[in-house]
Amino acid sequence: MSVADLLNGMPFADLLGIEVVEATDGYAEAELPLREEHSSVPGREIAHGGITYALADTVGGASVISLHHKPTPTVDMRIDYLAPATTDLRAEAEVVRDGRSVATADVRIEDVDGTHVADARGTFKTGGGEDGGAWGVASPEDAP
């Protein structure tokens, strides 16, 4: 099972409509079609910041998992919102530091029109737990 397939089976990502389209060698891409229920403004489609954050967290985690092939829970994420998201979103993440116990990934989010919507930086736990897995499992397939 590929990392993208694994993350596309995640119930939360499925609920929001996040699709990981690539996750290999410390790089990941994901897409999120904007829906009315994602909006923070009644009667308009302007993505709630939590939607953008969830996309950043998912694609950042995918980039780290693509290197470690085991669960890598989020330790911290910082996001800068640069423009309102009013159309479908696309995110790219790249691991910029892969340490023994944590990894850091940078994320760029744009809408389909090319508007730079947000930048994020996430820190993900890569070590610890039994069998070397941060959640105490050896591989994502063993995760609860």
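This report concerns the structure included in the present document. Since we're looking at a predicted model, the values are computed, not measured. One numbering rule holds for all chains: residues counted from 1, following each sequence as written. Where local features are concerned, this predicted model is filtered to residues with pLDDT of at least 70; where side-chain atom pairs are given and counted, the filter is 80 or more; whole-chain, interface and lining totals use all residues. Heavy atoms throughout the structure, all of them, feed into the side-chain values; hydrogens and water do not.

**A look at the nonpolar core**
Stage number 1. Here, nonpolar core refers to any group of buried Ala, Val, Leu, Ile, Met, Phe, Trp, Tyr and Cys residues whose side-chain atoms link them within 4.5 Å. When a residue's accessible area, from a 1.4 Å probe over protein chains only, is under 20% of the maximum for its type it is buried; when over 50% it is exposed; and in between it is partly exposed. Ile18, Leu55, Val107 and Ile109 are the most contacted members of the largest nonpolar core, which totals 36 residues.
Stage number 2. Numbering goes from the N terminus for both helices and strands, where a helix is a DSSP run of H or I of at least four residues and a strand is a run of E of at least two. When residues of this core are assigned to their parent elements, the largest contribution, eight residues, is made by helix α3 (residues 49-68).

**A word on the environment of Thr72**
Stage number 1. Relative to the helices and strands, Thr72 resides in the loop between α3 and β3 (74-81).
Stage number 2. With 10 residues separating them in the primary sequence, Thr72 and Ala62 have C-alpha atoms 8.8 Å apart.
Stage number 3. If we ignore the near neighbours within four places in the chain, the residues touching Thr72 are Gly61, Val64, Ile65, Phe124, Lys125 and Thr126. Contacts are assigned to residue pairs with any non-hydrogen atoms lying within 4.5 Å of each other.

**A look at the pairing of strand β5 (residues 102-111)**
Stage number 1. Strand pairing is assigned whenever DSSP detects at least two bridges linking the two strands. Note: strand β4 (residues 89-98) against β5, nine bridges, orientation antiparallel. Looking across to β5, one finds that Leu89 is bridged to Asp111.
Stage number 2. Where β4 folds back onto β5 in an antiparallel hairpin, the turn is made up of three residues.
Stage number 3. Sheet topology places β5 next to strand β6 (residues 116-125); nine bridges connect them, and they run antiparallel. Directly across from Val107, in β6, lies its bridge partner Ala120.
Stage number 4. Where β5 folds back on β6, the antiparallel hairpin that results is connected by four residues, among which Gly114 adopts a positive phi of roughly 90°.

**Points about the environment of Val102**
Stage number 1. Along the chain, the position of Val102 falls in strand β5.
Stage number 2. Under the relative-accessibility criterion, Val102 is labelled partly exposed at 27%.
Stage number 3. With residues near it in sequence (within four places) discarded, Val102 still touches Arg97, Thr123, Phe124, Lys125 and Thr126.

**Focus: the pattern of salt bridges**
Stage number 1. Put simply, a salt bridge is a Lys or Arg side-chain nitrogen that is within 4 Å of an Asp or Glu carboxyl oxygen. Per the counting criterion, the structure on display carries six salt bridges.
Stage number 2. As a salt-bridge pair, Asp80 and Arg78 come within 2.4 Å of each other at their nearest N and O atoms.
Stage number 3. When its relative accessible area of 32% is taken as the criterion, Asp80 is described as partly exposed.
Stage number 4. In this structure, the salt-bridge partner of Arg121 is Asp106, at a minimum N-O distance of 2.6 Å. Of this pair, Arg121 sits in strand β6 while Asp106 sits in strand β5, and the two are 15 residues apart along the sequence.
Stage number 5. When its relative accessible area of 44% is taken as the criterion, Arg121 is described as partly exposed.
Stage number 6. Via salt bridges that share partners, Glu29, Arg90 and Glu92 belong to a single interconnected network.

**Overview of the side chain of His38**
Stage number 1. With respect to the secondary-structure elements, His38 resides in the loop between β2 (27-32) and α3.
Stage number 2. For His38, a relative accessible area of 2% gives the class buried.
Stage number 3. Excluding residues within four positions of it along the chain, His38 makes contact with Leu16, Leu32, Pro33, Ile46, Ala47, His48 and Ile51.

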